[in-house]
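One letter stands for each residue in the lines below.
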Amino acid sequence: EAAVDGAAKRGVNYQILKNKGLMPRRTKEQRNPRVKRRMRFEKAKKKLGSAVVQARVPASSYGGEATGIKTALSRSTRFK
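Chemist: I keep staring at the overall build of the chain and nothing clicks. Help me out?
Modeler: Regarding its fold elements, the chain presents four helices and zero strands. Counting from the amino terminus, helix and strand elements in the chain follow one another as α-α-α-α. A compact globule built from 80 residues should have a C-alpha radius of gyration of about 12 Å, whereas the chain, at 33 Å, is more than 25% larger. If you line up the chain on its principal axes, its C-alpha atoms span 115 × 30 × 15 Å. Residues counted as buried form 1% of the 80 residues belonging to the chain. Carbon together with sulfur atoms contributes 56% to the accessible area of the chain, which is approximately 9,200 Å² in total. Averaging the coordinates of the 22 positive side-chain charges in the chain and doing the same for the 5 negative ones gives two points 16 Å apart.

Okay, structure coming up:
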């Protein structure tokens, strides 16, 4: 008992102190909460873009039909 009291106790290491056990490897983006949320937002924005058509803001004034007017196409209802 005297030998145990005389010797200094060993300090705890990081592994014992944190007691995390086995954890999955995290990417650099996952370790940064701000970047992780930004990436999550970008991912959600892409999902929303495919589900809901977003209104496009015109770049300039009206420049005519982009694909041209199709003369062979008729969408009107003919009166009898």
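Chemist: I'm lost on helix α4 (residues 33-51) in this one. Help?
Modeler: Because each turn of an α-helix spans 3.6 residues, side chains separated by three or four positions in sequence point in the same direction. For α4, spanning 19 residues, the distance from its first C-alpha to its last is 27 Å, which sits close to the expected 27 Å at 1.5 Å a residue. Of all 19 residues in α4, one are buried; the element is thus mostly exposed.

Chemist: Just checking my understanding: could you explain a positive patch on the surface for this structure?
Modeler: Residues Arg26, Lys36, Arg37 and Arg40 make up a contiguous surface patch of positive charge. For Lys36, the position within the fold is in helix α4. Exposure remark for Lys36: the relative accessible area of 47% places this residue in the partly exposed category.

Chemist: Sorry if this is basic, but what is going on with the environment of Pro24 here?
Modeler: Within the secondary structure layout, Pro24 lies in the loop between α2 (14-18) and α3 (28-31). For Pro24, a relative accessible area of 53% corresponds to the exposed category. The spacing of Pro24 and Ser74 is 50 residues in sequence and 61 Å in space, taken between C-alpha atoms.

Chemist: What's the story with a nonpolar patch on the surface in this structure? I'm lost.
Modeler: Side chains of Val12, Ile16 and Leu17 sit close together on the surface and give an oily, nonpolar patch of about 310 Å² of accessible area. Considering the arrangement of structural elements, one finds Leu17 in helix α2. Residue Leu17 is classed as exposed on the basis of its relative accessible area of 60%.

Reading the values: rules and limits
Residues numbered from 1 in each chain as written. Predicted model: local features only at pLDDT ≥ 70, side-chain atom pairs only at ≥ 80, totals over all residues. Heavy atoms only, no water. Helix = DSSP H or I, 4+ residues; strand = E, 2+ residues; numbered from the N terminus. Rg over C-alpha atoms; globule rule 2.2 N^0.38 Å. Buried < 20%, exposed > 50% of the residue type's maximum accessible area, 1.4 Å probe, protein only. Areas by Shrake-Rupley, 256 points an atom, 1.4 Å probe, with all protein chains shown as cover. Lys, Arg positive; Asp, Glu negative; His and termini not counted. Charge placed at Lys NZ, Arg CZ, Asp CG, Glu CD. Expected span 1.5 Å × (residues − 1). Patch = residues over 30% accessible without salt bridge, like charges linked within 9 Å, V, L, I, M, F, W, Y side chains within 5 Å. Salt bridge = Lys/Arg side-chain N within 4 Å of Asp/Glu carboxyl O.

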